[in-house]
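# Fold and geometry: a report
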Amino acid sequence: MPTGLSLHVGLNQVDPARYGGWDGRLVACENDAHDMAALARGAGFAPTVLLTAAGTVERVTAELRKAAKTLKSGDILLLTYSGHGGQVPNTTGGDDEADRFDETLVLYDREFLDDELHREFGRFARGVRLLVVLDCCHSGTAIEMPDQGDGEYAARLMPPDRQYEIYRRDQEFFQEIQRELGARKSREPAADAVLLAACQDNQLASDGDTNGKFTGTLLDVWNGGAFRGGYRTFHRDIQRGMPPTQSPHLYTTGNPDPAFLDQQPFTV
């Protein structure tokens, strides 16, 4: 029988000491992590949950590497993230980003580049199914325009002025990561992964009272496991429940097995 491991990261705020005094307070991200862990547990995964202060680069990386050492071909990893999303200029990492920005997960202690996530996925054995669910801004290809959003809830967006300030402070650090990992990506094939993202790269993802708009809609469509169909149908049905200003994205890297996309979502 295949093995399923899952990692669920939910940050209702970040460390203001690491983000120039900004705490990035949100409401529903920890709930998203708990609810996605419950979904995963019901589907046969063994879940790990990292909430707010535990959602550091070191902890997330350590959990991904632990999973990479455990899972083999035919197994599955589910990674879910709810929190702020950001972008940093990609000026040294090659031409892999058409918009010249790297998308980031705004973890508790610093931004985690999409290149870093790709690096961790590259540690998994060929044939491991990698499924990522991101409920954050700029998530369309992460493996926001400030005037978008439905206006009802705060956006899971790191403010652009704060992004620029942090990038200027840490520019050399980010560029060194981009330089190193950009060169590696040019030599290595992309990991085979499937991403369900809350929005397109240039859109906002809404927070909520109980769940993020995307996570709440996903859970409604999933309907306790009553949903039937593959990932494309799942994505389409989630899209139908979302406002026009937030369009969830189904994105793949590498060359996932078509049979994976045809499986009922969250199948171990």
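An account of the accompanying structure is given in this report. (Residues numbered from 1 in each chain as written. Predicted model: local features only at pLDDT ≥ 70, side-chain atom pairs only at ≥ 80, totals over all residues. Heavy atoms only, no water.)

### Some words on unusual backbone geometry
Threshold: Think of it this way: any DSSP run of H or I at least four residues long counts as a helix, any run of E at least two long counts as a strand, and we number them from the N terminus.
A positive phi is found at Thr 52, a non-glycine position, where the angle reads about 45°. Relative to the helices and strands, Thr 52 is located in the loop between strand 2 (46-51) and helix 2 (57-70).

### Digging into the packing of helix 1 (residues 29-42) against helix 5 (residues 213-222)
Between two packed helices, what matters for the description is the angle formed by their axes and the separation of those axes. For clarity, the cut-off: Structural elements are reduced to axes, namely lines fitted to C-alpha atoms, with helices fitted over the stretch in contact, and the angle between N-to-C directions of any two is expressed from 0 to 180 degrees. Here the word oblique covers every angle except those under 35 degrees (roughly parallel), over 145 (roughly antiparallel) and from 65 to 115 (roughly perpendicular). Rotating anticlockwise by less than a right angle from the far helix to the near helix defines a left-handed crossing, while the corresponding clockwise rotation defines a right-handed one. We call two residues in contact when some of their heavy atoms are within 4.5 Å. Following the grouping adopted for this structure description, the nonpolar residues are Ala, Val, Leu, Ile, Met, Phe, Trp, Tyr, Cys and Pro, the charged ones are Asp, Glu, Lys and Arg, and the polar ones are all others, Gly among them.
Two elements in contact, helix 1 and helix 5, have axes separated by 11 Å at closest approach and are oriented at 25°. On the basis of the axis angle, helix 1 is roughly parallel to helix 5. In this structure, helix 1 crosses over helix 5, and the sense of that crossing is left-handed. Contacts between helix 1 and helix 5 involve Asp 32, Asp 35, Met 36 and Leu 39 from the former and Thr 215, Leu 218, Leu 219 and Trp 222 from the latter. Looking at the contact of helix 1 with helix 5, its residues break down into five nonpolar, one polar and two charged.

### A few points about helix 5
To be explicit about the condition: Three exposure classes are used, based on accessible area relative to the maximum for each residue type with a 1.4 Å probe and protein chains only: buried under 20%, partly exposed in between, and exposed over 50%.
Across the 10 residues of helix 5, eight count as buried, placing the element largely inside the fold. Of all the positions in helix 5, only Phe 214, Thr 215, Gly 216, Thr 217, Leu 218, Leu 219, Val 221 and Trp 222 are classed as buried. Residues of helix 5 that are buried make contact with helix 1, strand 3 (76-82), strand 7 (129-135), strand 8 (193-197) and helix 6 (231-240). Positive phi appears at Asn 223, one or two residues downstream of helix 5, with a value of about 55°.

### Remarks on the packing of aromatic side chains
Our working rule: Note on ring pairs: Phe, Tyr and Trp rings are taken, using the six-membered ring of Trp, and paired if centres are within 6.5 Å. Classes follow the plane angle, with under 30 degrees stacked, over 60 edge-to-face and the rest tilted. Both a distance and an angle decide whether a charge sits over a ring: NZ of Lys or CZ of Arg must be within 6 Å of the ring centre and within 35 degrees of the ring normal.
Inspection of the entire model under this criterion finds seven aromatic pairs. Ring centres 6.5 Å apart and planes at 70° place the aromatic pair Phe 121 and Phe 124 in the edge-to-face group. Exposure class is identical for Phe 121 and Phe 124. Each is buried. By the ring-pair criterion, three or more aromatic residues cluster together here, those being Trp 222, Phe 227, Phe 234 and Phe 266. It is Arg 129 that lies over the ring of Phe 260; its NZ or CZ is 5.9 Å from the centre.

### Quick notes on the pattern of salt bridges
Side chains bearing opposite charge may pair, as long as their charged atoms lie close to each other. Selection rule: The salt bridge definition used is simple: a Lys or Arg side-chain nitrogen within 4 Å of an Asp or Glu carboxyl oxygen.
Across all of its chains, the model carries 13 salt bridges by this definition. The salt bridge involving Arg 169 is made with Asp 170; its shortest N-O contact spans 2.9 Å. Overall, the relative accessible area of 46% leaves Arg 169 in the partly exposed class. The partly exposed category is assigned to Asp 170, whose relative accessible area is 22%. The closest approach of N and O atoms between Arg 232 and Asp 262, which form a salt bridge, is 3.3 Å. Note that Arg 232 is positioned in helix 6 and Asp 262 in helix 7 (residues 258-262), a separation of 30 residues in sequence. Classification of Asp 262 as exposed rests on a relative accessible area of 55%. A single network of salt bridges, built from pairs that share partners, joins Arg 65, Arg 119, Glu 120 and Arg 123.

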